[in-house]
Structures are given as C-alpha cells and as structure tokens.
Amino acid sequence: EPACISPGGVKFKQGPKFIEAYSKKVPMSRMAEQEEIIKSILYLLDSDKASYVNGANLIVDGGFTHGIKKFYSLGAGVSGLTLSYELLKAGQSV
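Reading the values: the criteria
Residues numbered from 1 in each chain as written. Predicted model: local features only at pLDDT ≥ 70, side-chain atom pairs only at ≥ 80, totals over all residues. Heavy atoms only, no water. Helix = DSSP H or I, 4+ residues; strand = E, 2+ residues; numbered from the N terminus. Buried < 20%, exposed > 50% of the residue type's maximum accessible area, 1.4 Å probe, protein only. Lys, Arg positive; Asp, Glu negative; His and termini not counted. Salt bridge = Lys/Arg side-chain N within 4 Å of Asp/Glu carboxyl O. Polar contact = N/O pair within 3.5 Å; in protein donor to acceptor, adjacent residues only side chain to side chain. Contact = heavy atoms within 4.5 Å. Phe/Tyr/Trp six-rings, centres within 6.5 Å; stacked < 30°, edge-to-face > 60°.

(A) Seen up close, the side chain of Asp61. Looking at the secondary structure, you find Asp61 in the loop between strand S2 (57-60) and helix H3 (80-89). In this structure Asp61 is buried but unpaired, with Arg30 as the nearest side chain of opposite charge at 11 Å. Separated by 2.8 Å, the side chains of Asp61 and Thr65 make a polar contact. Beyond its immediate stretch of four places on either side in the chain, Asp61 contacts Gly8 and Val26.

Here you go:
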C-alpha cells in the first residue's frame, strides 16, 4: 500500500528573515535541507528498508507538529494557510 511524506519547511530561496522566524518555531531550530526530504522518500521507495510500512504518513518536519495538542491528519493539497489555521485553533503560534 502507498505511503506519503508530509514535509515541514524546506530551505529553498527563502529570505534570511523568513528562515530565522520559521526556525524559531521548530524544535530542531532549523528548516530541512532538500536532501533530507529526498532521503525520506527514498526510504519509503526502498522495498527492503520499508517492507512493513503500509499506508503511513511519514511526518518529516523537525518536530514542528510535535506541540500540537490535537493531531490533524491533513491530506495532500491542504494549503499552508489551512495548517496555520489548525495550529492557531490548537493554541499554537504560527
């Protein structure tokens, strides 16, 4: 069965102010490098390493969603605005 990746913020041409502000909200204190997300995808594609992974949503966000009191399963195509709204409803700063 398919699995999916839900990445957090990935560094890609954002300005330094954005990167600094975003990084303050992540337990790992930084944004992901593109290679880190690619490695997560490759893990799921490796039939030996992920042979028992079935229908999983692998959250690769440096702990960004760790503090959300209520977990929301957000499907593909959900905008960042929707995620920000859900975080605010859960009492988290965005």
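(B) Just the pattern of salt bridges, in detail. Scanning all chains against the criterion turns up three salt bridges. For Glu20, the salt bridge goes to Lys24, with nearest N and O atoms at 3.6 Å. Taking relative accessible area as the criterion, Glu20 reaches 48% and is therefore assigned partly exposed. Relative accessible area serves as the criterion here: at 66%, Lys24 is assigned to the exposed category.

(C) Up close: the packing of aromatic side chains. Counted according to the given criterion, the structure contains two aromatic pairs. Ring centres of Phe18 and Tyr22 lie 6.1 Å apart, and the angle between their planes is 20°; on these two criteria the pair is classed as stacked. In this pair, Phe18 and Tyr22 both sit in helix H1 (residues 16-23), four residues apart, roughly one turn of the helix. What makes Phe18 partly exposed here is its relative accessible area of 45%. Centre to centre, the rings of Tyr22 and Phe64 are 5.5 Å apart; their planes meet at 10°, and the pair counts as stacked. Placement of the pair is Tyr22 in helix H1 and Phe64 in the loop between S2 and H3, with a sequence separation of 42 residues. Residue classification places Tyr22 among the buried positions, given a relative accessible area of 16%. Through a chain of ring-to-ring contacts, the aromatic side chains of Phe18, Tyr22 and Phe64 assemble into a single cluster.

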